[in-house]
Amino acid sequence: MTRTTPPRPVDIAAVFPEIAPLARTATRLHPRPGTPDVRSSSIGGPLLWPSDEPWPVCEEPHENEGDFTRLDSERRRRHIFSAAWGRAFTPAERAELDRDEEFADPDTPTTMLAVAQLFLRDVPDLVGPPGADVLQILWCPRDHDPFYCPAVMLRWRRSADVTDVLSEQPEPVVMEYEYLPEPCVLHPEQVVEYPYDEVLADDLRERIRMWEESGEDRYYRELAIADGWKVGGYAGWYLSGPVPLVCECGAEMELLVKIASGEWGGAEIWRPQEDAEEGELPEPPSRSNPPQITIGRGYSLWVFTCPASFKHPHGVSMQ
Ligand SMILES: [Zn+2]
Ligand SMILES: [Zn+2]
């Protein structure tokens, strides 16, 4: 099923023609529960990984102050919540949920966890190094300096090179429960975005503010940057204000992907038309956050890459 972002309530480029040249496309990924395979674009699905290539392990120091759990307990808990949706827990389910959590030792070395796999053929705004056709995103599902966020790893590869596929993917034993992605298939859709308001020229920004006076941050919330997981387009600087990420080589980094804590916010202006049926019992736990990832207090993790070279280290910002 395709997913269609509702038309914007206002064509901002018609109101302010000088913003038209700044329009940029982004691809919303629209993750929805499913059973992706190694040859699919996915979130929380299996990666196309060569059987003879070592699976990465995080070597960065960890902040051990979060909510630790074992990955297997978290899966069991989610399974029970899903099965019991719309009814009371059975005594057996209640007993399982009340069972003392097995000790999760935060000092356990952390195997990286598969987060997303994006094929160029599925994601129009994804640009990769020559020859590569798939981006794999892994992370260490623990908190790290300086933002208390998972440590992200990017791996580009040419899918034709992977002939002998790793059949059983390693997983960490211990994690913070908000960082386990549920398996989702993707329904990519291109949308048009405009810059975050604070990076616009002062004069234009001022006039947009005057125009939206009665419209409650209309540009900012409805017209500039899409909600949910997306590739490309503009970065939002909701927490810090604009702080461009600069690579060691001096180039300003560009947004690669936004890892979001939800697909649409309270206003639902970004909720796809196909997801708008009313009155139906919502699927657990939330129709608006199928991957079940939460970054901080519902923020997003914005991953940037250097336009000069894919070999330069990526950058990350939490906003
Ligand atoms: Zn780590
Ligand atoms: Zn660079």
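It should be noted that the structure appears before, not after, this text.
Residues numbered from 1 in each chain as written. Chains lettered and ligands numbered in written order. Predicted model: local features only at pLDDT ≥ 70, side-chain atom pairs only at ≥ 80, totals over all residues. Heavy atoms only, no water.

### As for the coordination of the zinc ion (ligand 1)
Donor atoms from the polypeptide that coordinate the zinc ion (ligand 1) comprise Cys58 (SG), His62 (NE2), Cys140 (SG) and His144 (NE2), at 2.0 to 2.3 Å from the metal. Coordination at the zinc ion (ligand 1) is tetrahedral, judged from the four donor atoms that bind it and the angles of 101 to 115° they form at the metal. In terms of primary sequence, the donors binding the zinc ion (ligand 1) are separated according to C-x3-H-x77-C-x3-H. (Donors = N, O, S within 2.8 Å, 3.2 Å for Na, K, Ca; no water. Tetrahedral: all angles 85-135°; square planar, octahedral: opposite > 155°, others 65-115°.)

### A word on the packing of aromatic side chains
For any two aromatic rings, the description comes down to two numbers: the centre-to-centre distance and the angle of the planes. Enumeration according to the criterion identifies 10 aromatic pairs in this entry. Judged by centre distance (5.6 Å) and plane angle (85°), the rings of tyrosine 220 and tyrosine 238 are edge-to-face. You can see tyrosine 220 sitting in helix 5 (residues 218–224) and its partner tyrosine 238 sitting in the loop between strand 11 (230–232) and strand 12 (254–259), a full 18 residues away along the chain. Pairing tyrosine 238 with tryptophan 302 gives two aromatic rings, centres 6.1 Å apart and planes at 50°, and the pair type is tilted. Of this pair, tyrosine 238 sits in the loop between strand 11 and strand 12 while tryptophan 302 sits in strand 13 (residues 301–305), placing them 64 residues apart in sequence. (Phe/Tyr/Trp six-rings, centres within 6.5 Å; stacked < 30°, edge-to-face > 60°. Helix = DSSP H or I, 4+ residues; strand = E, 2+ residues; numbered from the N terminus.)

### Focus: the layout of surface pockets
Taken as a whole, the second largest pocket spans an internal volume of roughly 540 Å³. Along the wall of the second largest pocket there are 26 residues; nearest its centre are Arg221, Asp227, Tyr238, Gly265 and Gly298. Tallied by class, residues from the lining of the second largest pocket come to 11 nonpolar, 10 polar and five charged. (1 Å grid on protein atoms, 1.4 Å probe; cavity = no way out; pocket = protein on both sides within 12 Å on 5 of 7 lines; lining within 4 Å. Points joined across faces, edges and corners; volume = space filled by probe spheres on them. Nonpolar A, V, L, I, M, F, W, Y, C, P; charged D, E, K, R; others polar.)

### Observations concerning the coordination of the zinc ion (ligand 2)
Within the first shell, the zinc ion (ligand 2) binds the protein through Cys247 (SG), Cys249 (SG), Cys306 (SG) and His312 (ND1), at distances of 2.1 to 2.4 Å. Angles of 107 to 114° at the metal separate the four donor atoms of the zinc ion (ligand 2), which places the site in the tetrahedral class. In the primary structure, the donors to the zinc ion (ligand 2) are separated according to the pattern C-x1-C-x56-C-x5-H. Placement of cysteine 249 in the loop between strand 11 and strand 12 and of cysteine 306 in the loop between strand 13 and strand 14 (315–318) is noted, with a sequence separation of 57 residues between them. Cysteine 249 gets classed as partly exposed once you look at its relative accessible area, which sits at 41%. (Buried < 20%, exposed > 50% of the residue type's maximum accessible area, 1.4 Å probe, protein only.)

### Section: the sheet that holds strand 12
Strand order in the open sheet made by the six strands is 10-1-11-12-13-14, with antiparallel pairing throughout. Pairing within the sheet leaves two strands with one partner each, and these edge strands are strand 10 (189–193) and strand 14. Averaged over all pairs of adjacent strands, the angle between their axes in this sheet comes to 25°, without regard to strand direction. Pairing of strand 13 with strand 14 involves four bridges; the strand directions are antiparallel. Across the sheet, residue valine 303 finds its bridge partner in strand 14, namely valine 316. (Pairing = 2+ DSSP bridges. Axes fitted to C-alpha atoms, helices over the stretch in contact; angles between N-to-C directions.)

### Remarks on the nonpolar core
Core analysis: the biggest nonpolar cluster contains 33 residues, and Trp139 and Trp229 have the highest contact counts within it. Looking at this core, the elements with two or more residues in it are strand 5 (113–119), strand 6 (134–144), strand 7 (149–157), strand 12 and strand 13. Core analysis: the second largest hydrophobic core is formed by 25 residues, Ile12, Phe16, Tyr234 and Phe304 among them. (Core = buried A, V, L, I, M, F, W, Y, C linked by side-chain atoms within 4.5 Å.)

### Section: the side chain of glutamine 319
In this fold, glutamine 319 is placed in the segment after strand 14. Not counting residues within four places of it along the chain, the set of residues in contact with glutamine 319 comprises Gly236, Trp237, Tyr238, Leu239, Ser240, Tyr299, Ser300 and Trp302. (Contact = heavy atoms within 4.5 Å.)

### Quick notes on the pairing of strand 6
In terms of residue burial, strand 6 counts as a mostly covered element, since 11 of its 11 residues are buried. The sheet contact formed by strand 5 and strand 6 spans six bridges and is antiparallel. For phenylalanine 119, the partnering residue across the bridge sits in strand 6 and is valine 134. In textbook terms, the turn of a hairpin is the stretch between consecutive antiparallel strands, and for strand 6 and strand 7 this stretch comprises four residues, one of which, tyrosine 148, has a positive phi near 55°.

### Examining the pattern of salt bridges
The final tally for this structure, using the stated rule, is 21 salt bridges. Note that glutamate 53 is salt-bridged to arginine 155, the shortest N-O span being 2.6 Å. With glutamate 53 in the loop between strand 3 (42–43) and strand 4 (68–70) and arginine 155 in strand 7, this residue pair connects regions lying 102 residues apart in the sequence. For aspartate 98, the salt bridge goes to arginine 94, with nearest N and O atoms at 3.5 Å. Here arginine 94 and aspartate 98 lie together in helix 3 (residues 91–98), a separation of four residues that amounts to about one turn. The network of salt bridges with shared partners includes Glu74, Arg77, Arg78 and Glu182. (Salt bridge = Lys/Arg side-chain N within 4 Å of Asp/Glu carboxyl O.)

### What to know about the sheet that holds strand 7
Spatially, six strands are ordered 2-9-3-5-6-7 in an open sheet, and the strand pairing comes out antiparallel. One side of each edge strand has no neighbouring strand; the edge strands of this open sheet are strand 2 (32–33) and strand 7.

### Some words on the environment of valine 303
Mapped onto the fold, valine 303 is located in strand 13. When sequence neighbours within four positions are dropped, the list of residues in contact with valine 303 reads Val152, Leu154, Glu254, Leu255, Leu256, Val257, Ile259, His314, Gly315 and Val316.

### Considering the pairing of strand 10
Taking every second residue as pointing to the same face, the buried face of strand 10 carries Glu189, Val191 and Glu193, while none of Gln190 and Val192 on the other face is buried. The pairing of strand 1 (residues 24–28) with strand 10 spans five bridges and is antiparallel. Residue arginine 24 lies in a different strand from strand 10, and its bridge partner there is glutamate 193.

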